[in-house]
Amino acid sequence: MARESVIEAVQTDQTDQTDLTARTESAATGVRAGRSRFGSNFGSLELLVVGMVVLLVTRQLVAGWVGPPWLEAWAAVFVAICVQALPFLLFGVVLSACIAAFVPTSLLERALPRNPVLAVPIAGVAGVVLPGCECASVPVADRLIARGVAPAAALAFLLSSPAINPVVLVATSVAFRGQPEMVLARLVASLATAVVMGLLWARFGRPEWLRPRSRREPSAGTGGWASFRATLEHDFLHAGGFLVIGGMTAATLNVAVPRGLLSSLAGLPGISVLMLGLLAVLLAVCSEADAFVAAGLSGFSPTARLAFMVVGPMVDVKLIALQAGTFGRAFAWRFSGATFVVALLSSGLVGWWLL
Amino acid sequence: MRRGSPNSGARAVLQILLGAAVLHISLFSEMYLRYVRQALRPYLVASGVLLVLVGLVGAVVAVREALHGRVEHPEQYEHGDGDGHGHSHGSGPRIAWLLVLPVLAIFLLAPGALGAYTAQRSDSTTVKPAAANTGFAPLPTTDPAPLRLADFDARAVWDSSGSLKGRRVRLTGFATSKDGGGWYLTRLTITCCAADARSSKVEIRGGGAPPPQGSWVEVTGVWQSDSEAGRDNAIPSLAAERVSATSEPDNPYE
């Protein structure tokens, strides 16, 4: 009986995730503001503690129970994605909190040229310095915007850093041993996509699409350790929640998409680039590992595999969830959609040129 | 304060719980090997410790607040934009509650490593290794030679010098059934985490009745050179001399 309630809880949460954002919207109007501060201050903690006690008891009851194989596989992939992303997310959040608490705004403003046409490529190349996967770059880019960096430049950085940092490039060269042109093609195509997206944003982007921290948090705080801890806690819990949504989506697709379907589509030229681009979005493989997955997609053309590696670090279900949470949904859909198209075009061109 | 948002105490507990879950699988047990690669362990331990510490500091702040009967104001998350995910004084983002899900999955479900279910639904992949052009390293001289299943596949499919010919090898993996009878010895390889698992299979010929689906076995035998080669999804075969049950290795992936 107890075990059924657990599955039910998991499944309910899975289906609830989509309307969660919708519900927060109505809740944000603050209709319950009149509630006593004392009462609400203790409600959620008690709930959490009672919930945990109940779970500890349940755990004894479900001990030894093994779920159906699909649930087991789903849960393993879900835990794997969350656990794998956690150190990177924390790293990004700590870096972001450091920038918030200890780096003066003037320094960042002076570091980049005012003209976006110059600032965007510089920011794109600067992505080399953040060794990590895509989860780390979202909070950092968010913080950079809050600290006065032009959004176009910060977004170019957001896209380029998970794709062209040294860890990822080394992984790519290991996966495609004896094919250095693949590493070069990945570097060129990813950087081109990041810079084009930055410039597109500078030209066509509207500030109202972006919901940066600067509007969520008008007073940037006084700096120092208290501000560091508060920022860290807030950013981590916020991004972490969205990471969970992304992890559930990716795990579901990972278990649900039959791999045999892929090989049957591999033969179709033209379609294959689009297919692997879509696959990269759906599978949400960490950017440090996607080269190995791409190397295994052997039926596909090199250009299609390049598209998989260019799209993956920039657009995937986990990232869309993270971006929607950080920058707002209006931004996430437009930006991810445009990035997907630009990344495919860029991979196609670079693949035709180099591969 | 919005109803349903974690207050400062709940936020601290959330972080401690998540940190504890991460330490539970990475520091106090080897469970992390079911989900992520080995090299990630120090980062997981560091993340777990950091989360627990930040949570404890947060808890102290929350207790002091409660004792002094005031609400914290270190950071004013002012919001009037009404576009979701807003935050108000002293309350965290509601989305943060979702972080209990990985904690529940780890403590309650404790899912095992990916295995037969995943392998059954994916093709064996043997990417052409660099050694296919430069020559494979010599096999271990022991008889039988212990080999990773993926290495056996790589040699069987891509080694034109035939280093496996006539050699007895020992492979460890789990059993998956083959369409139309027979079975495969199978092992999954992960690079970063279980989301990128790839499978390597070897068709086992002889050696008695197929072991139950998903059970771990050790197989000693000789490569059958008649099996197909030179294709990424070729599955080599092995004439089994001995098939013995074994327990799941600490690291279920290769």
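Each chain carries its own residue numbering, running from 1 in the direction its sequence is written. Ligands are numbered from 1 and chains lettered from A, in the order in which they are written. Local features in this predicted model are restricted to residues whose pLDDT is 70 or higher, and side-chain atom pairs enter the listing and the counts only when it is 80 or higher, whereas totals over whole chains, interfaces and linings include all residues.

1. Concerning the overall build of chain A
Think of it this way: any DSSP run of H or I at least four residues long counts as a helix, any run of E at least two long counts as a strand, and we number them from the N terminus. Scanning chain A for helices and strands turns up 17 helices and zero strands. A separation of at least 24 residues holds for 86% of the contacts in chain A among residues at least 6 apart in sequence. The contact criterion used here is simple: two residues whose C-beta atoms, placed from the backbone, lie within 7 Å are in contact.

2. Here's the deal with the overall build of chain B
Helix and strand counts for chain B stand at six helices and six strands. N-terminal to C-terminal, the α/β element order of chain B is α-α-α-α-α-β-α-β-β-β-β-β. For chain B, restricting intrachain contacts to residue pairs at least 6 apart in sequence, the fraction spanning at least 24 positions comes to 69%.

3. Considering the nonpolar core
Ranked by internal contacts, the top residues of the largest apolar core, which has 190 residues, are V77, A80, I81, A153, A154, A156 and V311 of chain A. Annotation comment: domain bounds sourced from an automatic or database domain assignment. Both of domain 1 (8–112) and domain 2 (118–245) of chain B provide at least three residues apiece to this core. The term nonpolar core refers to a group of buried residues, namely Ala, Val, Leu, Ile, Met, Phe, Trp, Tyr and Cys, whose C-beta atoms join them within 7 Å. Here the C-beta atoms are placed from the backbone, and a residue counts as buried if at least 20 other C-beta atoms lie within 10 Å of its own, exposed if 12 or fewer do, and partly exposed otherwise.

4. Concerning the confidence of the model for chain A
Reading predicted coordinates in detail is not appropriate for stretches of low pLDDT. A score between 0 and 100, pLDDT records how confident the predictor is in each residue. Summing up the model confidence of chain A, the mean pLDDT is 77 and the portion of residues at 70 or higher is 79%. Across residues 214–220 of chain A, where pLDDT falls below 50, the model places eleven contacts with residues more than four positions away in sequence or in other chains.

5. Regarding the packing of helix α8 (residues 166–175) of chain A against helix α9 (residues 180–204) of chain A
Residue and element names in this part refer to chain A. Where α8 contacts α9, the two axes come as close as 8 Å, and the packing angle between them is 150°. Viewed along their axes, α8 and α9 form a crossing whose handedness is right-handed. Residues L169, T172 and S173 of α8 touch α9, and the partners they reach there are P180, M182, V183, R186 and L187. Just so you know the grouping, Ala, Val, Leu, Ile, Met, Phe, Trp, Tyr, Cys and Pro go in nonpolar, Asp, Glu, Lys and Arg go in charged, and all remaining residues, Gly too, go in polar. Split into classes, the residues belonging to the contact of α8 with α9 amount to five nonpolar, two polar and one charged. In this analysis, axes come from line fits to C-alpha atoms, helices being fitted only over the stretch in contact, and the angle between any two N-to-C directions falls in the range 0 to 180 degrees. Crossing handedness is defined as follows: a turn of the near helix away from the far one that is anticlockwise and smaller than a right angle gives a left-handed crossing, while the clockwise case is right-handed.

6. Quick word on helix α7 (residues 151–164) of chain A
Residue count minus one, scaled by 1.5 Å, sets the expected span of a helix. End to end, α7 of chain A covers 20 Å across 14 residues, agreeing with the expected 20 Å (1.5 Å per residue, within 8%). Among the 14 residues that make up α7 of chain A, 14 are buried, leaving the element largely enclosed by the rest of the structure.

7. Points about the pairing of strand β6 (residues 237–245) of chain B
All names here are of chain B. Pairing between two strands is assigned when DSSP locates at least 2 bridges connecting them. Bridge count for strand β4 (residues 198–205) against β6 is three bridges, and the pairing is parallel. Its bridge partner being in β6, R205 is matched across the sheet by A239. Direction of pairing for strand β5 (residues 216–224) relative to β6: antiparallel, over a ladder of eight bridges. When the sheet's bridge partners are listed, E218 is paired in β6 with S244.

8. A closer look at the environment of A194 of chain A
All names here are of chain A. Assignment of secondary structure puts A194 in helix α9. Exposure remark for A194: the 33 C-beta atoms within 10 Å place this residue in the buried category. It is 33 Å that separates the C-alpha atoms of A194 and A76, two residues lying 118 residues apart in sequence. When neighbours within four sequence positions are excluded, A194 is seen to be in contact with G124, G127, A156, L159 and S160.

9. Some points on the confidence of the model for chain B
Residue and element names in this part refer to chain B. For chain B, the average pLDDT comes to 83, and 89% of its residues sit at 70 or higher. Contacts from residues 72–89, a stretch scored under 50 in pLDDT, to residues over four places away or in other chains number 50 contacts. Taken over the whole predicted complex, pTM reads 0.77, whereas the ipTM for its chain interfaces reads 0.87.

10. Some thoughts on the environment of S47 of chain B
Of note, S47 of chain B is situated in helix α2 (residues 41–68). Sequence separation of S47 of chain B and L18 of chain B is 29 residues, and the distance between their C-alpha atoms is 9.7 Å. In this structure, S47 of chain B is in contact with L86, P87 and L90 of chain A together with V22 of chain B, ignoring residues within four places of it in sequence.

11. Some words on the pairing of β5 of chain B
Where strand β2 (residues 168–177) of chain B and β5 of chain B come together, seven bridges link them in antiparallel fashion. Residue pairing across strands places R168 of chain B opposite V222 of chain B, the latter belonging to β5 of chain B.

12. Quick notes on helix α6 (residues 134–146) of chain A
Turn by turn, an α-helix covers 3.6 residues, leaving residues three or four places apart pointing in a common direction. Residues and elements named next belong to chain A. Its 13 residues give α6 an end-to-end C-alpha distance of 19 Å, which sits within 8% of 18 Å, the value for a rise of 1.5 Å per residue. Most of α6 is tucked away: 13 of the 13 residues are buried. Phi for G148, located one or two positions after α6, is positive at around 95°.

13. A few points about the environment of A12 of chain B
Residues and elements named next belong to chain B. Secondary-structure assignment places A12 in helix α1 (residues 8–26). Sequence spacing of A12 and V54 is 42 residues, and the spatial spacing of their C-alpha atoms is 7.6 Å. Among all residues touching A12, those that are not within four sequence positions of it are G55, G58, A59 and A62.

14. Some details on the packing of helix α5 (residues 116–126) of chain A against α7 of chain A
Residue and element names in this part refer to chain A. Two elements in contact, α5 and α7, have axes whose closest approach is 7 Å; the angle formed by their N-to-C orientations is 25°. By the angle between their axes, α5 is roughly parallel relative to α7. As α5 runs across α7, the sense of the crossing is right-handed. For the pair formed by α5 and α7, the contact residues are P116, A119, V120, A123, G124 and A126 on the first element and A152, A153, A154, A156, F157 and S160 on the second. Looking at the contact of α5 with α7 residue by residue, the classes come out as ten nonpolar, two polar and no charged. An angle below 35 degrees is read as roughly parallel, one above 145 as roughly antiparallel, one from 65 to 115 as roughly perpendicular, and any other as oblique.

15. A look at unusual backbone geometry
Residues and elements named next belong to chain B. Looking along the chain, the bond that leaves D143 and enters P144 is cis, with omega of -5°. Positive phi is not limited to glycine here, since A110 has a value of about 40°. When you line up the elements, A110 lands in the loop between α3 (100–109) and α4 (116–120). A110 gets classed as buried once you count the C-beta atoms within 10 Å, which come to 20.

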